[in-house]
Amino acid sequence: MYSLGASNDKIYQYTLSTAWDISTLSYANSFFNVGTYDGDPTDLFLNSDLTTMYIIGHSKDTIYQYTLSTAGELSSASYANNSYDVSLYETLSNDLIFNSDGTSLYTIGSDTDTIYQHSLSTAWDISSGSYIGSNFDVSSQEDQPTCLSFNSDGTYMYVLGDSVDTVYQYSLSPSWDISTGSYTGNSLNVHSQDQDPYGMSFNSDGTAMYMIGYSTDKVYQYSLSTAWDVSSGSYTGNS
């Protein structure tokens, strides 16, 4: 597992002895400082084979790309001299995420409360990005969105924010096209665990969700009795 914070601008790496169970987590004594490029980083993303990493933050509203010479190992990271400026669309960038094949990029922030979709002409190469004119306003549910996620096939999209401390679920048809987004009515409130939630992620089959927040500096684990349906989620007690 990897976590990033804006206090010391570092990504930390952890090992889970039981996959996806954060109660088995231990620090791997590996970290990477991203403060050279953004002094207020807000999110990271690793590609599917863990050889490329991306950072976004409030200082520059720019995505920076890094190469991991050893897959998944933070200490092997180096800047790839690739970047992509998203400040024309969002000046408080909180999160970035890619589709499954690295040809589409999505960003969200708390200035416009809008998700923006970008196309990459070369998969996973951020310098080949361009805005395609597709966006989706989430302010009807959340006016301080902090995080964005998708299910494995891009038919569902999830937004978390620290205004109402709730994960909201949207359907997409066709998949990965945010302009087709519609709120499903499904949601999961996480206020009891953290009053300033900032990040979320799912395991590979959508039966577990994870949330991290500023108020407690903890990661919380939730179980979804119906895969990818956040309304079926419940806190497991693991943090």
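Refer to the structure printed above.
Residues numbered from 1 in each chain as written. Predicted model: local features only at pLDDT ≥ 70, side-chain atom pairs only at ≥ 80, totals over all residues. Heavy atoms only, no water.

Novice: For this particular structure, what's the right way to read the overall build of the protein?
Specialist: Each helix and strand counted, the protein has 0 helices and 19 strands in total. Radius of gyration (C-alpha) of the protein: 16 Å, near the 18 Å computed for a compact globule of 239 residues. The buried share of the protein, reckoned over its 239 residues, is 51%. Across the protein, every contact between residues at least 6 apart in sequence was considered, and the portion connecting residues at least 24 apart equals 39%. For the protein, the accessible surface area stands at approximately 9,700 Å², while carbon and sulfur atoms represent 44% of it. (Helix = DSSP H or I, 4+ residues; strand = E, 2+ residues; numbered from the N terminus. Rg over C-alpha atoms; globule rule 2.2 N^0.38 Å. Buried < 20%, exposed > 50% of the residue type's maximum accessible area, 1.4 Å probe, protein only. Contact = heavy atoms within 4.5 Å. Areas by Shrake-Rupley, 256 points an atom, 1.4 Å probe, with all protein chains shown as cover.)

Novice: Just to check I follow, could you spell out the side chain of T166 for this structure?
Specialist: Its place among the elements puts T166 in strand β14 (residues 166-171). Polar contacts involving the side chain of T166 include one to the main-chain carbonyl oxygen of V164, which spans 3.0 Å. A polar contact is formed between the side chain of T166 and the side chain of N189, at a distance of 3.0 Å. If sequence neighbours within four positions are ignored, T166 has contacts with V159, L160, G161, S187, L188 and N189. (Polar contact = N/O pair within 3.5 Å; in protein donor to acceptor, adjacent residues only side chain to side chain.)

Novice: Help me understand the environment of S130, please; the structure alone is not making it clear to me.
Specialist: Relative to the helices and strands, S130 resides in strand β11 (residues 129-137). Assessed through its relative accessible area of 37%, S130 is described here as partly exposed. For the pair S130 and N8, spaced 122 residues apart in the sequence, the C-alpha separation amounts to 31 Å.

Novice: Where do I start with the sheet that holds strand β12 (residues 145-150) in this structure?
Specialist: Strand pairing in a sheet relies on backbone hydrogen bonds. The paired strands run either parallel or antiparallel. Spatially, 4 strands are ordered β12-β13-β14-β15 in an open sheet, and the strand pairing comes out antiparallel. Two strands bound the open sheet, and with one partner strand each, they are β12 and β15 (182-189). The sheet shows a mean angle of 25° between the axes of neighbouring strands, direction not considered. Note: β14 against β15, 5 bridges, orientation antiparallel. Bridge pairing in β15 links Y168 to S187. (Pairing = 2+ DSSP bridges. Axes fitted to C-alpha atoms, helices over the stretch in contact; angles between N-to-C directions.)

Novice: Explain the nonpolar core here, please?
Specialist: It is characteristic of soluble globular proteins that their nonpolar side chains tend to be buried jointly. Core analysis: the largest hydrophobic core is formed by 27 residues, its most contacted members being I63, F98, I115, L148, F150 and M157. The set of elements that each furnish at least two residues to this core consists of β5 (52-57), β8 (93-98), β9 (104-109), β10 (114-120), β12, β13 (156-161) and β14. Discounting chain neighbours no more than four positions away, the residues touching M157 are I115, F136, L148, S149, F150, Y168, Q169, Y170, L172 and I178. Grouped together as the second largest cluster of nonpolar side chains are 15 residues, Y158, L160, M209 and V230 included. (Core = buried A, V, L, I, M, F, W, Y, C linked by side-chain atoms within 4.5 Å.)

Novice: Is there a simple way to think about the packing of aromatic side chains in this case?
Specialist: In this description, an aromatic ring pair is defined by two values, namely the gap between the centres and the angle between the planes. Summed over the entire model, instances satisfying the criterion amount to 28 aromatic pairs. Between F45 and W124, the ring centres sit 6.4 Å apart and the planes meet at 20°, which makes this aromatic pair stacked. Linking F45 in strand β4 (residues 41-46) with W124 in the loop between β10 and β11, this pair joins segments that are 79 residues apart in sequence. Residue W124 is classed as buried on the basis of its relative accessible area of 16%. For the ring pair F136 and Y170, a centre distance of 5.3 Å and an interplane angle of 80° mean the geometry is edge-to-face. Taken together, the positions of F136 in strand β11 and Y170 in strand β14 put the pair 34 residues apart, joining distant regions of the chain. (Phe/Tyr/Trp six-rings, centres within 6.5 Å; stacked < 30°, edge-to-face > 60°.)

Novice: Help me understand the pairing of strand β18 (residues 219-224), please; the structure alone is not making it clear to me.
Specialist: Two faces make up the sheet, and in a regular strand the side chains alternate between them. For β18, the tally of buried residues reaches 5 of 6 residues, placing the bulk of the element in the interior. As paired strands, strand β17 (residues 208-213) and β18 are joined by 5 bridges and run antiparallel to one another. Across the sheet, residue M209 finds its bridge partner in β18, namely Y222. With antiparallel pairing between neighbouring strands as the criterion, β17 and β18 make up a hairpin whose turn holds 5 residues, including D217 at a positive phi of roughly 55°.

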